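Below, each chain spelled out in residue letters.
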Amino acid sequence: MTYFRSSLETDTAARSISTRAPAAGELAPELDEIDAGGRRISLKDFRGSPIVLVFSSAHWDPAATEHIEQYNRLIARLPGLAGAHLLRVEHDGAWRALAFADTELSIPVIADGGAELAKRYGVREGPAVFVIDAAGVVRWRHVAGERFVLPDDIALATSTHEMEHASGTWTRREFVATAMAASFAIAFLPFTRRADMQAQTLAGAPPAPADTIPVRLNVNGRDLSLQLEPRVTLLDALRDYAGMPGTKKGCDHGQCGACTVHVDGRRVLSCLTFAVMQQGKPITTIEGLAQSAGASGDALHPMQEAFLTHDGFQCGYCTPGQIMSASAMVKEPWGSEDGDVREAMSGNICRCGAYTNIVAAIQEVRRGTLSTSNRKSNGGDR
Ligand code: FES
Ligand code: FES
């Protein structure tokens with residue numbers, strides 16, 4: 001990850017008027033906009049806060065209440081942003097402010113900048129979105145006609161640790177704020193696209209192609225070629241596009257564990273990761289767990305057998321996630337006590353309360369004392 005040291009004190013000559021859209025890492029062109037009260041606004045007015053700058057060729061209102069939940073669903077999926085909850089989008093002169101319930105953050109959104117501003121940012125036609133960090137540097141952009149690229153070194157970075165040790169150039173607060181701004185920037189795009197498509201349809205023009213990209217996933221040893229929007233989670237890609245409903249959707253917010261799969265052999269909540277981020281990595285779901293352990297035919301994985309033997313389920317809805325989590329957990333360095341198992345499995349919720357039997361099943365697999373006919377016929381992936 002690269003971090004740029006910059007400053008809003010930089011000579012404004014460096015922010016020359018550009019005919020091309022500034023790329024990530026470059027200084028953002030000056031705003032130089034007049035707000036509703038007749039004041040001239042510039043980047044310095046937003047010192048200490050990232051800005052989301054949106055150009056949309058059709059009418060679009062980021063403050064519409066139906067969008068708020070959409071933004072919050074997106075925030076909930078982004079690592080490092082737990083606890084942030086958007087309350088409202090407030091009007092403040094020429095810009096809107098994203099007001100959060102549980103942080104001091106307030107992120108300005110400048111929607112539908114004027115023609116002069118669009119020219120300065122190299123935008124010929126909308127939609128276009130720029131995320132400008134607190135130091136006035138473009139961190140991420142998407143301009144109509146460009147291939148959509150997730151801002152994964154901002155919004156999807158999991159390691160704030162890295163940020164804190166990046167020579168002190170960016171504080172954790174700046175990082176979190178910029179990540180949030182980027183998440184909102186992604187959330188805005190579908191709305192601007194939809195507005196554009198509606199406008200074109202009304203004008204008799206053919207609608208723009210859907211905003212999908214080719215995504216290749218390796219699931220249970222098979223290569224799958226899917227056509228997905230970049231914001232599709234791995235969970236939805238598996239269930240709704242790859243036809244594998246064994247992985248369950250419980251909360252869709254990273255809180256229940258029902259959606260657990262293995263990526264690169266480690267347990268991952270598939271509702272919290274985008275499918276595009278998992279390309280090139282082996283993914284195992286409950287459908288392929290036994291085969292991943294060397295089983296053939298209808299033979300089960302030892303953990304599946306143990307859940308059967310110990311009645312580790314009632315309704316069964318949480319069970320695929322429990323088994324995927326447990327089969328990864330037994331390879332992790334946990335202590336040998338029941339309490340260690342409960343701690344290790346605390347991210348997997350069972351509404352039926354089958355916990356005692358689940359712990360017994362896992363402990364039996366850990367001790368290697370499982371004894372059933374199926375047990376002999378598979379490879380016993382421990
Ligand atoms: Fe993923 Fe609940 S559905 S954790
Ligand atoms: Fe019903 Fe766990 S068995 S939720």
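Nothing here was measured: the structure is a model prediction, and the numbers come from that model.

Participant: What should I look at first to understand the pattern of salt bridges in this one?
Facilitator: When charged atoms on two side chains of opposite charge get close, those side chains can pair. For the structure shown, the criterion picks out four salt bridges. Lys249 is the partner of Asp236 in a salt bridge, and the nearest nitrogen-oxygen pair spans 2.8 Å. Residue Asp236 is found in helix α5 (residues 234–241), and its partner Lys249 is found in the loop between α5 and β11 (260–263); the two are separated by 13 residues along the sequence. Given a relative accessible area of 15%, Asp236 falls into the buried group.

Participant: What's the story with unusual backbone geometry in this structure? I'm lost.
Facilitator: Where the residue is not glycine, phi is negative for most of them; where a peptide bond is considered, it is trans in most cases. Although it is not a glycine, Asn220 adopts a positive phi angle of roughly 50°. Within the secondary structure, Asn220 sits in the loop between β9 (213–219) and β10 (222–228). Assessed through its relative accessible area of 27%, Asn220 is described here as partly exposed. Of note in the backbone geometry, Asp264 takes a positive phi value of approximately 55° without being a glycine. Assignment of secondary structure puts Asp264 in the loop between β11 and β12 (266–269).

Participant: Please explain the packing of helix α7 (residues 302–309) against helix α8 (residues 319–329) as it appears in this structure.
Facilitator: Axis angle and axis distance: for two packed helices, these are the angle between their axes and the distance between the axes, and together they describe the pair. Interhelical geometry of α7 versus α8 gives an angle of 125° and a closest axis separation of 9 Å. Comparing the axis directions of α7 and α8 gives the class oblique. Relative to α8, the crossing made by α7 is right-handed. Between α7, through Met303, Gln304 and Phe307, and α8, the contact on the second element is made entirely by Thr319, Gln322, Ile323, Ala326 and Ser327.

Participant: Help me understand the sheet that holds β11, please; the structure alone is not making it clear to me.
Facilitator: Across a sheet, strands are paired by hydrogen bonds formed along the backbone, either parallel or antiparallel in direction. The strand order across the open sheet built from five strands is β10-β9-β13-β11-β12, with neighbouring strands paired in mixed fashion. Taken across any chain shown, the strands that pair with only one partner, and hence form the sheet edges, are β10 and β12. Each strand axis lies, on average, 40° off the axis of its neighbour in the sheet, ignoring direction. In this structure, β9 lies alongside strand β13 (residues 282–284), joined through two bridges in parallel fashion. Across the sheet, Asn218 pairs through a bridge with Pro282, a residue of β13. Strands in contact with α5 are β9, β10, β11 and β13; relative to β10, the strand with the most contacts, it is inclined by about 100°.

The rules behind each value
Residues numbered from 1 in each chain as written. Chains lettered and ligands numbered in written order. Predicted model: local features only at pLDDT ≥ 70, side-chain atom pairs only at ≥ 80, totals over all residues. Heavy atoms only, no water. Salt bridge = Lys/Arg side-chain N within 4 Å of Asp/Glu carboxyl O. Helix = DSSP H or I, 4+ residues; strand = E, 2+ residues; numbered from the N terminus. Buried < 20%, exposed > 50% of the residue type's maximum accessible area, 1.4 Å probe, protein only. Axes fitted to C-alpha atoms, helices over the stretch in contact; angles between N-to-C directions. Parallel < 35°, antiparallel > 145°, perpendicular 65-115°, else oblique. Left-handed = near helix turned anticlockwise from the far one by under 90°. Contact = heavy atoms within 4.5 Å. Pairing = 2+ DSSP bridges.

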